[in-house]
Every structure is written in structure tokens, then in C-alpha cells.
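Residue-level structure breakdown
Chain by chain, the residues run as shown.
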Amino acid sequence: MNTGLKITAFAAAIAATFGTAYGVGTSIDPVVAKKPTTAHDEHAEAGEGAGGKTAGGHESAPADGLQISEGGYTLALDTPRVAAGASSVLSFSVKDESGRKVTAYQREHGKELHFIVASRDLTIYRHLHPTRAADGTWSVRAELPAAGGYRAFADFKPAKKGATGVTLGADLAVSGKAEPAALPPARATAEVDGYRVTLDGALAPGKANELKLTVTKDGKPVTNLQPYLGAYGHLVALRAGDLAYLHVHPNGEPDDGVTEPGPEVSFTATAPSSGAYRLFLDFQHKGEVRTAAFTVDVPAGGADANTGAKPSAEPGETEEADGHGH
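Read on for an overview of the structure. Since we're looking at a predicted model, the values are computed, not measured.

About the thresholds
- Residues numbered from 1 in each chain as written.
- Predicted model: local features only at pLDDT ≥ 70, side-chain atom pairs only at ≥ 80, totals over all residues.
- Heavy atoms only, no water.
- Helix = DSSP H or I, 4+ residues; strand = E, 2+ residues; numbered from the N terminus.
- Buried < 20%, exposed > 50% of the residue type's maximum accessible area, 1.4 Å probe, protein only.
- Contact = heavy atoms within 4.5 Å.
- Areas by Shrake-Rupley, 256 points an atom, 1.4 Å probe, with all protein chains shown as cover.
- Salt bridge = Lys/Arg side-chain N within 4 Å of Asp/Glu carboxyl O.
- Polar contact = N/O pair within 3.5 Å; in protein donor to acceptor, adjacent residues only side chain to side chain.
- Pairing = 2+ DSSP bridges.
- Axes fitted to C-alpha atoms, helices over the stretch in contact; angles between N-to-C directions.

Now for the overall build of the protein chain. In terms of helices and strands, the protein chain carries zero helices and 20 strands. By residue count, 54% of the 326 residues in the protein chain fall in the buried class. Restricting to contacts in the protein chain with at least 6 residues of sequence separation, those with at least 24 account for 74%. Split by element, the accessible area of the protein chain, about 13200 Å² in all, is 48% carbon and sulfur.

Now for the pattern of salt bridges. What the rule picks out here adds up to ten salt bridges. Between Glu 191 and Arg 196 there is a salt bridge whose closest N-O contact spans 2.3 Å. Exposure remark for Glu 191: the relative accessible area of 28% places this residue in the partly exposed category. Since its relative accessible area comes to 35%, Arg 196 is described here as partly exposed.

Assignment of secondary structure puts Ser 266 in strand β18 (residues 264-270). In this structure Ser 266 comes out as buried when scored by relative accessible area, which is 16%. Polar contacts involving the side chain of Ser 266 include one to the side chain of Glu 210, which spans 2.7 Å. The contacts of Ser 266, once residues within four sequence positions are left out, are Glu 210, Leu 211, Lys 212, Pro 250 and Asn 251.

So, about the sheet that holds strand β5 (residues 87-95). The strand order across the open sheet built from five strands is β2-β3-β5-β9-β8, with neighbouring strands paired in antiparallel fashion. Across the chains shown, the open sheet's two edge strands, defined by having one partner strand only, are β2 (69-70) and β8 (131-132).

The mixed open sheet is built from five strands, whose spatial order is β4-β11-β10-β6-β7. Among the strands making up the open sheet, the edge pair consists of β4 (81-83) and β7 (125-128). Between one strand axis and the next, the sheet turns by 25 degrees as a mean value, whatever way the strands run. With seven bridges joining them, strand β6 (residues 113-119) and strand β10 (residues 148-156) adopt antiparallel strand pairing.

Moving on, we come to the environment of Ala 178. Within the element layout of this structure, Ala 178 appears in the loop between β11 (166-175) and β12 (189-192). When the C-alpha atoms of Ala 178 and Gly 149 are compared, they prove to be 9.0 Å apart, with 29 residues separating the residues in sequence.

See below:
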């Protein structure tokens, strides 16, 4: 894994509706901005997503996952509809421009393909690990607890020489009675299974900022995080409103002689625009992967417009969410 951050895309939304918020932790404090840090070289890679100017005048970052077809590849869902609360097999394939199923991929972070499913209200999130049949069909079993609209993302790099990473997105319907759910409020601390994860830093449109996530348990720092997908943390950001998907990788990796196994996991990220984002951090400890979720508001003026004192936690506020489906 590259020690720098590789941004492959951005996504998510707040358009559809769900009743059960099934998963990732209790959030506490709003996110406040920190001074931007130096961008990694990979931020400047050409050909990833569409650039442009943001409302604040900054160059926008790539935002991928908005299309079902891109770069000659198409995401084909064999199961575009499943029942809420049922254990269902999700089946799909990636097809090339000739309509053939792709069977050769480059492995990245331990996997040939990363498959993400998120509800449009961002309360349900699954980072799944499908298996591929010889004919190129991928499948994975998952349970999606609430009815409504979802987005499925396939993040991969074809084995073709010189190929770059591709993130494709397709709509997935979950049948049943759907009820509206508001986007969880912005907080800088999330709790999941007795772990507390604190987010320090802020996203800014067109600027590379460092995000530090600190993991503690029972008030003590966790200093023995275990590698998960080749890193001590795995971060996905979903933008509310248009299903744009951002996949960020940590600054450093296990056994590089520099990166410690906690309690901090550091990332560098650039937001493609102002707006609301949902961040999902996967981390592994004592053999189990957990997911902590945060809502971040990115103002049009960038991180500099977000500075100020951090308001105190509002007592009694909790947020349920879910992280993982294996």
C-alpha cells in the first residue's frame, strides 16, 4: 500500500429514507477545522474524476462513483432489489466495453475489489468482501435492515497494463416500508462497542487537510490496533446529495518502520466541494473489525471558515449506526 493517500472517489446522499439507523456509534462533539497540511503527491494524479472550481474558488478534487459506466467499464447488478431485514446474496459483475465480464484485477489493500453499500440517508453502511467466480461474477451475503434506496460501489483496478483505479456506482433498492431519517448531526467523537474514536481535523474544498482519528477504550489509548486491509485504518467518505464517493488511505502502513499501531490513524483528504459528508472509519482490534461514523460539515469558505472553539457535547444525544458486513 502506498504510504500516501490515494483518493479514488466520493459518495453518498441524504435523499431517500429509512427508519432503522443500524450501526456506527454514538457521536458527541462537532468537528472543528485544523490548519491544512501538505498534500500527498497522489492528489495530483491525472485522470481521476472531473475537476473544476468550487464555490470558494479552489480547484475541486475528483469525485467518482457517480456513474454506473466509466472508462469502458460497467457495474452490472444481478440483484438490484432485495428485501429489508433478510439475509440476501448480492450478485454483480464488472463488464468491459465489449460486454464481457472482467476476470482479472490488480490486488489493492489485500483485495481485488472493494464493495461498499450505503443507504441514501447515510445511516447504514456496509464494507463487504465479495468472492469472485471464475466467470467474473461477484457475490456476497448481506443483511440490509431498513427499506429504501441504497447505493452500491465497486472500487477496483483492472489488471490491464497502465490501468488506473475505477469506482463505479449503481442504485440498489431494498423493499419494505421506508421512513425518513435525518442526517446525523456533526460530531467529532463516535462510540462503538465500548471504543471511543475522536476525529481531529476538517475537510476543506480544494485543500488537502490532515484528519487524525484517535482510538481509545475505557479511557485508555489503544496502542495495539491490528492491520486491516493492509493498514491500521480504512476510511470512506460519502457526500450527501449526489452519491459521490471518496476512498482515502492512511498516511503510513504497518511494518514501514514509522507508523505506530495506534492510538492515532492519520489520513490526508481533499473535499471536492462544500457540503455535508459522512466519514466511516474501519479499524480492527482483538480480531474484530468495527466501524465509527462521523458527520462533517464543509463550509464554502473551506477549513479556514470553520475555525473556532469546539462546542461542548449535548447530553443524552446518541447516534446508532452500523459498520460492517462480512
